[in-house]
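# Working through the structure, step by step
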Amino acid sequence: MLIVALSSLRARWASFLGGFVALALGVGLLATMGLGLSATFHAPERSPQRFASSPVVVQGRDRLTLDVRRGPETVSVERRLDRPQPVDSRLLRELRARWTVTTSEEPADRRGPHGPDHPDHPDAVGVDAPAADVRALVGNRAQVLTGDERRRADHDADRDADALVGLNALLGTSGGVTAFVSVFVVASTFAFAVALRRREFGLLRTAGATPGQIRRLLLAEAAALGVVASAAGCALGALGAPLLARTLIDGGLAPEWFTVGGPVWPFHAAFWTGVTVALSGAVAASRRAGRVGPTAALREADVDADALPLGRAVLGTGLVLAGVGLLVWTCVTDPSALLKRKTYTTLPMLLITGVALLSPLLVRPAARLLRLRGAVGTLVRENSAASVRRTAAVAAPVLVTVALAGTLFGSATSVTRAKGTEAREQTAAQYVVTGVDEPDGTGGPRPFAVPPGAVVSPTGPTSLFVRDGDAAVVKYGARAVTDPAAFAELARLPVVAGDLRDLDDRSIVVNEEFERRRVGETVEVWRADGTGPVRLRIAAVLALGTGDNGPYVTRANAPGSAPDRIDASGGGTATVRALEASGGTVRTAAAWAEAQRPASGSPQARLGLVLVLGVALVYTVIGLANTLLMATSVRGGELASLRLAGATRAQILRVVTGEATLAVAIGTLLGLAVTALVLGALGAGLAALSAPVALALPWTTVGASAGVCAAVAIAASALPAWRLTR
């Protein structure tokens, strides 16, 4: 059987070329993504910088440790503090009395966001003394760090790990899309190739071949193709990994030190995934081939009567229902999840696969609706309706690309616009100042006089730690309010209960994500430096929105927080001059909102989406070219009959390319239908979150994707037709 399979591959190499290229490219991309992903698991080991010459570092507490319930047991969990606590003054005097103590060795351009440490209240000091003696003196009053642990005293100790978080998600998502599209294209290619070989299988059955032998023949072909293509893909992955790293660095998605290579497991994972994909794509096709009877060798008609078997119909219906059900369930139970890139990248795949499986049901009605005059139009309509399997095989990869383009770019743009609109609607200020400097090292803007008639509200970032039941500790990014009265006058937050004017040093403004969210209840919180717990009364409750609504506290509950934004209104030109004296960038509220959340999203985010869409588009091009080259090359008899009936060569080319164009149009419409479902669910989720609904369909991206598909389809159908009609 293996000899027969290899002979079949050698004789039909042109038919398998597209599947080989798609599989090799998929394995190469998986190997490249795996190598990149493995490089994001561990940040580089950097030597200590702040206290490089001190053998011992004494640091205040930099983590909050709380006990939580894990089933019947109690365990301790740690959360890193934004600002470590200062070293105890008494301990600092004892250290200075015995040894040489260094407050900080870090250069000014490497210091943390709060400026240099206060000499009398540093968060860490270097000590030139034996570690054992220092530990004996310090006891449990502070942390004693030696060796590589001294990196924990650097103000940006986690910068390398933080830089890899988004990159890890991007490469993981791209790898998932690559696997999905490769399986889709390879399975579609095998299924269509089997449909074109019905007469061949009928001859084999007439010669005595059993259904099991037919199935084993196809599986052997798939295994041989998978092994060779996967090996070639691994070689491509080794060459593509450095190029990927450079592209990510140049696009600002990865830090300058990011490198790939080293581990071997990505090659193993990619190789065996490729072989599995090839075999999986051939399984369904082989089962159908095994059911071909000897009478298929006598078949002359090319009308597809069984284009949608029962199993495919059931599976497609189930996937569509599951996709719609997940969208509805997510919208009802956790609408904020619809705003996350991971959700709107992966969730549409169920719908895409389900609609693609059911596409043969839609091809014939769509073709019948086409009203084209003349013989060419009639042939385009009737041939497309008769060859349902061919039309659906062309429409399916187009559906994938258009749906991914619409859902990815549409969801990302819609979320970005909603955030920008929300930010603009949540302030009544005329001007917003950002990027205030820190000239004296104490943090915050330069002092300036507030003009008469002006209302000025500075706010700054902080964090709060809150228990979520007995089993978790949640860290919330919060805002610290300097002047609660001015804040209440200028803020236009989506308050669902309470009043912002009640915010003071003993209260808090929370959002609907908090476990306790009734006005008047108390919330137990730990501040950004780990001090607490303090019990704060809930003054107001905000709608969750796009995720940036609260919580809010006053500066009294935000130690170390420095204002990074100033909202101002009134006072005329004197207010603008005063705000300019703060050292920040002064913009109108509308200009600030646009700068903070540009309608098109950040360049880095768009580059990530282009990377994912590029994978799908490349596969679509391969799938379209392979399908149409195979389909058109076996139509020699049909095209010759048209020539005998009086059709000119130009008319035949218009018929063939018109059929390809119609199939691309059907795939585009199906992709737009999936996009409409996903964006509709996103709009419902934004409305449920009380956020602005600003849906956007990326017509330019969708049109460009459909245009590329149409150009490839026309070329791939016209070239073999031109050759056959010479």
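Residues numbered from 1 in each chain as written. Predicted model: local features only at pLDDT ≥ 70, side-chain atom pairs only at ≥ 80, totals over all residues. Heavy atoms only, no water.

## Some details on the overall build of the protein
Convention followed: Under the scheme used here, helices are H or I runs from DSSP no shorter than 4 residues and strands are E runs no shorter than 2 residues, and both carry numbers assigned from the N terminus. Each residue gets one of three labels from its accessible area relative to the maximum for its type: buried under 20%, exposed over 50%, partly exposed in between, using a 1.4 Å probe on protein chains only. Only heavy atoms enter the contact rule, under which two residues are in contact if any of them lie within 4.5 Å. Each accessible area is a Shrake-Rupley estimate made with a 1.4 Å probe; only the visible protein chains count as cover when residues are assessed.
Tallying secondary structure elements over the protein gives 20 helices and 16 strands in all. Within the protein, buried positions represent 49% of all 726 residues. Residue pairs in contact within the protein that sit at least 24 positions apart in sequence constitute 82% of those at least 6 positions apart. About 32000 Å² of surface is accessible on the protein, with carbon and sulfur atoms providing 59% of the total.

## Some remarks on empty space enclosed by the protein
Which parts of space are left empty comes out when a probe the size of a water molecule is rolled across the atoms. Using the following cut-off: The method works on a 1 Å grid over the protein atoms by themselves. A cavity is a set of points holding a 1.4 Å probe that cannot get out, a pocket is an open set with protein on both sides within 12 Å along at least five of seven lines, and residues with an atom within 4 Å of a point line them. Grid points are joined across faces, edges and corners, and a volume is the space filled by probe spheres set on the points.
Summed over the entire model, instances satisfying the criterion amount to 6 cavities of 30 Å³ or more. Taken as a whole, the largest cavity holds about 80 Å³ of empty space. Taken together, Arg 390, Thr 391, Val 394, Leu 628, Thr 632, Arg 635, Val 656, Glu 659, Ala 660, Ala 663 and Ser 717 make up the full set of residues lining the largest cavity. The set of elements that each furnish at least two residues to the lining of the largest cavity consists of helix H13 (388-425), helix H17 (603-633) and helix H19 (649-688). Estimates place the volume of the second largest cavity at around 60 Å³. Leu 327, Leu 338, Thr 343, Tyr 344, Leu 347, Pro 348, Ser 411, Val 678, Ala 681 and Leu 682 together form the lining of the second largest cavity. Breaking the lining of the second largest cavity down by element, the ones donating at least two residues are helix H10 (341-346) and H19. Examining the composition of the lining of the second largest cavity, we find that 3 residues originate from one element, H19, more than from any other.

## Observations concerning the nonpolar core
Worth spelling out the cut-off: The nonpolar core is taken to be a set of buried Ala, Val, Leu, Ile, Met, Phe, Trp, Tyr and Cys residues, with the residues joined through side-chain atoms within 4.5 Å.
Ranked by internal contacts, the top residues of the largest apolar core, which has 80 residues, are Val 181, Ile 352, Leu 399, Leu 404 and Val 674. The element best represented in this core is H13, accounting for 15 residues. When sequence neighbours within four positions are dropped, the list of residues in contact with Ile 352 reads Phe 180, Leu 399, Val 400, Ala 403, Leu 404 and Val 674.

## Here's the deal with the pairing of strand S2 (residues 63-70)
Our working rule: One bridge is not enough; two strands pair if DSSP finds at least two bridges between them.
Bridge count for S2 against strand S3 (residues 73-80) is 8 bridges, and the pairing is antiparallel. Bridge pairing links Asp 67 to Ser 76 in S3. Connecting the antiparallel pair S2 and S3 is a turn made up of 2 residues, with Gly 71 showing a positive phi of about 70°.

## Structural notes on the packing of aromatic side chains
Selection criterion: Note on ring pairs: Phe, Tyr and Trp rings are taken, using the six-membered ring of Trp, and paired if centres are within 6.5 Å. Classes follow the plane angle, with under 30 degrees stacked, over 60 edge-to-face and the rest tilted.
Counted under the stated rule, the structure contains 3 aromatic pairs. When the centroid spacing of 4.3 Å and the interplanar angle of 20° are considered together, the rings of Tyr 476 and Phe 514 count as stacked. Of this pair, Tyr 476 sits in strand S9 (residues 472-481) while Phe 514 sits in the loop between strand S11 (507-511) and strand S12 (522-526), and the two are 38 residues apart along the sequence. Across this residue pair, the class does not change: Tyr 476 and Phe 514 are buried. For the pair Phe 487 and Tyr 552, a centre-to-centre distance of 5.1 Å together with 40° between the ring planes defines the contact as tilted. Separated by 65 residues along the polypeptide, Phe 487 in helix H14 (residues 484-490) and Tyr 552 in strand S14 (residues 552-554) bring together distant segments of the chain. One exposure class covers both Phe 487 and Tyr 552, and it is buried.

## Some thoughts on the pattern of salt bridges
What counts, and what does not: Any Lys or Arg side-chain nitrogen found within 4 Å of a carboxyl oxygen on Asp or Glu counts as a salt bridge.
In the structure shown here, the tally under the stated rule is 15 salt bridges. With a shortest N-O distance of 3.0 Å, Glu 94 and Arg 141 are connected by a salt bridge. In this pair, Glu 94 sits in helix H3 (residues 89-98) while Arg 141 sits in the loop between helix H4 (131-138) and strand S6 (143-146), placing the two residues 47 residues apart along the sequence. In this structure Arg 141 comes out as partly exposed when scored by relative accessible area, which is 36%. Arg 390 is the partner of Glu 659 in a salt bridge, and the nearest nitrogen-oxygen pair spans 3.1 Å. With Glu 659 in helix H19 and Arg 390 in helix H13, this residue pair connects regions lying 269 residues apart in the sequence. Through salt bridges with shared partners, one network takes in Asp 62, Arg 63, Glu 78, Arg 80 and Arg 152.

## Remarks on helix H7 (residues 211-250)
Note the threshold: Take the number of residues in a helix, subtract one, and multiply by 1.5 Å to get its expected span. One axis is fitted to the seven residues ending at the residue and one to the seven starting there. The bend at that residue is the angle between these axes.
Compared with the 58 Å implied by 1.5 Å per residue over 40 residues, the 55 Å span of H7 between its first and last C-alpha is a close match. Within H7, the axis deviates most sharply at Gly 240, by approximately 35°, and proline Pro 242 lies no more than four positions further along. Of the residues trailing H7, Gly 252 is marked for its positive phi of about 80°.

## Structural notes on unusual backbone geometry
Leave glycine aside and you will find that most residues have negative phi; peptide bonds, for their part, are mostly trans. Despite not being glycine, Ser 690 shows a phi value in the positive range, around 60°. The topology assignment puts Ser 690 in the loop between H19 and helix H20 (699-724). With relative accessibility at 45%, the residue Ser 690 sits in the partly exposed group.

## Notes on H13
The end-to-end C-alpha distance of H13, which contains 38 residues, comes to 51 Å, matching closely the 56 Å that a straight helix rising 1.5 Å per residue would cover. Within H13, 34 of the 38 residues are buried, which leaves the element mostly enclosed by the surrounding structure.

## Quick word on a nonpolar patch on the surface
Quick note on the threshold: Patches in this entry comprise residues that are over 30% relatively accessible and not in a salt bridge; like charges within 9 Å are linked, as are nonpolar side chains (Val, Leu, Ile, Met, Phe, Trp, Tyr) within 5 Å.
Judged by side-chain polarity, Val 324, Val 328, Val 332 and Leu 677 come together as a nonpolar surface patch covering roughly 330 Å² of accessible area. You can see Leu 677 is positioned in helix H19.

## Comments concerning the sheet that holds strand S5 (residues 124-128)
Backbone hydrogen bonds are what pair the strands of a sheet, in a parallel or an antiparallel way. How we decide: All axes are obtained by fitting lines to C-alpha atoms, using only the stretch in contact for helices, and the reported angles, taken between N-to-C directions, cover 0 to 180 degrees.
Pairing is antiparallel across the open sheet formed by 4 strands, whose spatial order is S4-S5-S1-S6. Here the strands that pair on one side only, and so sit at the sheet edges, are strand S4 (100-102) and S6. On average, each strand axis in the sheet is tilted by 30° relative to the strand beside it, whichever way the strands run. With 4 bridges joining them, strand S1 (residues 56-59) and S6 adopt antiparallel strand pairing. Counterpart to Val 56 in the pairing with S6 is Thr 146.

## Remarks on the environment of Thr 725
Its location among the elements puts Thr 725 in the segment after H20. If we ignore the near neighbours within four places in the chain, the residues touching Thr 725 are Leu 639, Arg 643, Arg 649 and Ile 652.

Read these as layout, nothing more, since geometry by itself doesn't imply function.
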